[in-house]
Amino acid sequence: MIELAQQTRGGWCVVTIRGRADAEAADEMERALRAAVNQNHRVAADFANVDYISSAGLRAVLQAGRAAQERKTEFTVCQLRGPVKKVFEISGMQHVLRIEEELPC
Amino acid sequence: MLSMLEEFVLLAVDERTGQLESRHELGTGYALIGAVFFDLALTRKIDTDTEEIQILDTSASGNLIWDRVIAEMRGRPDVKTVRDWIEAMFRRNDDLEGEALASLVEQGILQHEKTKRLWIIDVERFPLIDGRAQKSVKERLAQAIFGDGIPDPRDIMLVSLAEPCGLLRCVASEPELKMRRERIEMLSNLETISRKVVAAITELDASFRHAPPRLS
């Protein structure tokens with residue numbers, strides 16, 4: 001189960017994600033992130049309240065990152081916590097995505 | 001669209017001779033199973049995390065290989081990790097390569113030729129009839145390796161699978177690949193399921209090679 005919300009703050013579109021980023025949630029999360037990337041110049045994905053991410057969830061973030069690269073949208077993944085942060089680190093996502101401790105706005 | 005398994009096998013077909021590169025290599029056997037797991041992950045039949053594989057959807061897909069593997073997985077709740085699943089599927093000794101080749105022949109991409117060498121030894125070749133699919137796979141892999149952007153997850157998976165089997169040589173020369181070693185390793189690590197599959201291939205291949213010979 002995942003909850004998604006979107007708001008604009010200080011020139012950034014912040015997509016807040018809550019819950020488990022698993023296969024069940026991956027499509028919805030990817031759609032929300034892609035839509036934000038397509039409609040904004042700067043997008044921050046707030047992962048502060050994501051407590052689990054699977055392979056499918058990670059793939060959804062990668063796809064959003066790809067879309068951002070293609071559209072030249074600034075895209076950052078923020079506030080990774082606990083096991084989710086570890087999964088991002090193990091995967092080396094910092095090599096292809098901008099990852100920040102805090103939200104940029 | 002071709003399956004990951006079909007793309008992996010197609011990549012192994014030598015475009016000049018129609019022979020299969022690295023055929024019968026142990027690592028390739030594991031990689032073929034890995035390719036099926038990638039297909040299942042991309043079609044959301046399975047998902048993985050850092051520990052286990054989860055089965056998400058057991059409904060029939062119409063792809064005989066996927067449905068057979070999912071049925072096998074459903075019947076074995078004791079097997080949980082990617083490594084254990086690759087080992088379990090390897091023991092089944094399914095001819096995944098043969099099935100993928102047959103499908104590629106049926107789709108008009110390859111043709112099947114059987115000849116005799118020295119009148120005795122059977123030689124099988126699979127010359128390309130339509131080279132577009134293989135060209136597209138090679139171009140996508142080259143773009144993933146030599147570009148700097150984020151590749152499609154499908155291409156990331158294929159790079160990670162081709163690398164331990166030596167099949168990236170079909171895409172670029174050794175010196176060119178050496179220059180992009182860091183990028184290839186980064187891509188191979190990026191996808192949770194491909195990282196797990198590659199680790200399993202490497203471990204199983206090494207354990208088999210270092211196993212003491214059986215005494216009969």
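Before going into details, it helps to say that this report is about the structure given with it. (Residues numbered from 1 in each chain as written. Chains lettered and ligands numbered in written order. Predicted model: local features only at pLDDT ≥ 70, side-chain atom pairs only at ≥ 80, totals over all residues. Heavy atoms only, no water.)

Within chain A one finds 3 helices and 5 strands. At 12 Å, chain A has a C-alpha radius of gyration in line with the 13 Å of a compact globule built from 105 residues. Once the C-alpha set of chain A is aligned to its principal axes, its extents read approximately 30 × 25 × 25 Å. Within chain A, buried positions represent 54% of all 105 residues. Considering only contacts in chain A between residues 6 or more positions apart, those separated by 24 or more positions represent 68%. Entry remark: accessible area of chain A is about 4,900 Å², with carbon and sulfur atoms responsible for 44%. Counting 14 positive and 14 negative side-chain charges, chain A places the averaged centre of each group 4 Å from the other. (Helix = DSSP H or I, 4+ residues; strand = E, 2+ residues; numbered from the N terminus. Rg over C-alpha atoms; globule rule 2.2 N^0.38 Å. Buried < 20%, exposed > 50% of the residue type's maximum accessible area, 1.4 Å probe, protein only. Contact = heavy atoms within 4.5 Å. Areas by Shrake-Rupley, 256 points an atom, 1.4 Å probe, with all protein chains shown as cover. Lys, Arg positive; Asp, Glu negative; His and termini not counted. Charge placed at Lys NZ, Arg CZ, Asp CG, Glu CD.)

On to the overall build of chain B. Counting secondary structure elements, chain B contains 10 helices and 4 strands. Listing every helix and strand of chain B by position from the N terminus yields α-α-β-β-α-α-α-β-β-α-α-α-α-α. Taken over the C-alpha trace, chain B has a radius of gyration of 17 Å; the compact-globule value for 216 residues is 17 Å, and the two agree within 12%. Considered along the principal axes of its C-alpha atoms, chain B spans approximately 50 × 50 × 40 Å. Counting across all 216 residues of chain B, residues that qualify as buried make up 48%. A fraction of 65% describes how many contacts in chain B between residues 6 or more apart in sequence connect residues 24 or more apart. Total accessible area computed for chain B in this model is approximately 11,100 Å², and 51% of it derives from carbon and sulfur atoms. Separation between the mean location of the 29 positive side-chain charges and that of the 38 negative ones in chain B comes to 2 Å.

All names here are of chain B. Interhelical geometry of helix α7 (residues 153-162) versus helix α9 (residues 181-190) gives an angle of 115 degrees and a closest axis separation of 8 Å. As the angle between them shows, α7 and α9 are arranged roughly perpendicular. Crossing of α7 over α9 shows left-handed handedness. Packed against α7, whose contacting residues are Ile156, Val159 and Ser160, the element α9 presents Ile184, Leu187, Ser188 and Leu190 at the interface. The residue makeup of the contact of α7 with α9, split by class, is 5 nonpolar, 2 polar and no charged. (Axes fitted to C-alpha atoms, helices over the stretch in contact; angles between N-to-C directions. Parallel < 35°, antiparallel > 145°, perpendicular 65-115°, else oblique. Left-handed = near helix turned anticlockwise from the far one by under 90°. Nonpolar A, V, L, I, M, F, W, Y, C, P; charged D, E, K, R; others polar.)

For the structure shown, the criterion picks out 2 aromatic pairs over all chains. Centre to centre, the rings of Phe47(A) and Phe88(A) are 5.7 Å apart; their planes meet at 70 degrees, and the pair counts as edge-to-face. Linking Phe47(A) in strand β3 (residues 42-53) with Phe88(A) in helix α3 (residues 82-91), this pair joins segments that are 41 residues apart in sequence. Relative to Phe90(B), the ring of Tyr30(B) has its centre 4.3 Å away and its plane inclined at 45 degrees; by these criteria the two rings are tilted. (Phe/Tyr/Trp six-rings, centres within 6.5 Å; stacked < 30°, edge-to-face > 60°.)

Once that is clear, we can look at the nonpolar core. Membership of the largest hydrophobic core comes to 100 residues, with the highest contact counts inside it found for Phe47(A), Phe75(A), Phe88(A) and Phe37(B). Considering each element in turn, this core owes the most residues, 10 residues, to helix α2 (residues 26-42) of chain B. If near-sequence neighbours (up to four positions away) are discounted, Phe88(A) is found in contact with Phe47(A), Ile53(A), Leu58(A), Val61(A), Val77(A), Leu80(A), Met93(A), Gln94(A) and Ile99(A). (Core = buried A, V, L, I, M, F, W, Y, C linked by side-chain atoms within 4.5 Å.)

Now for the sheet that holds strand β1 (residues 2-9) of chain A. All names here are of chain A. In spatial order, the strands read β1-β2-β3-β4-β5; together these 5 strands make up an open sheet with mixed pairing. Two strands close off the open sheet at either side, each with one partner strand: β1 and β5 (98-100). Ignoring which end each strand starts from, the neighbouring axes of this sheet average 25 degrees apart. Direction of pairing for strand β2 (residues 12-21) relative to β3: parallel, over a ladder of 8 bridges. Looking across to β3, one finds that glycine 19 is bridged to valine 50. (Pairing = 2+ DSSP bridges.)

In this structure, β1(A) lies alongside β2(A), joined through 8 bridges in antiparallel fashion. In the sheet register, Arg9(A) faces β2(A), and the bridge partner there is Trp12(A).

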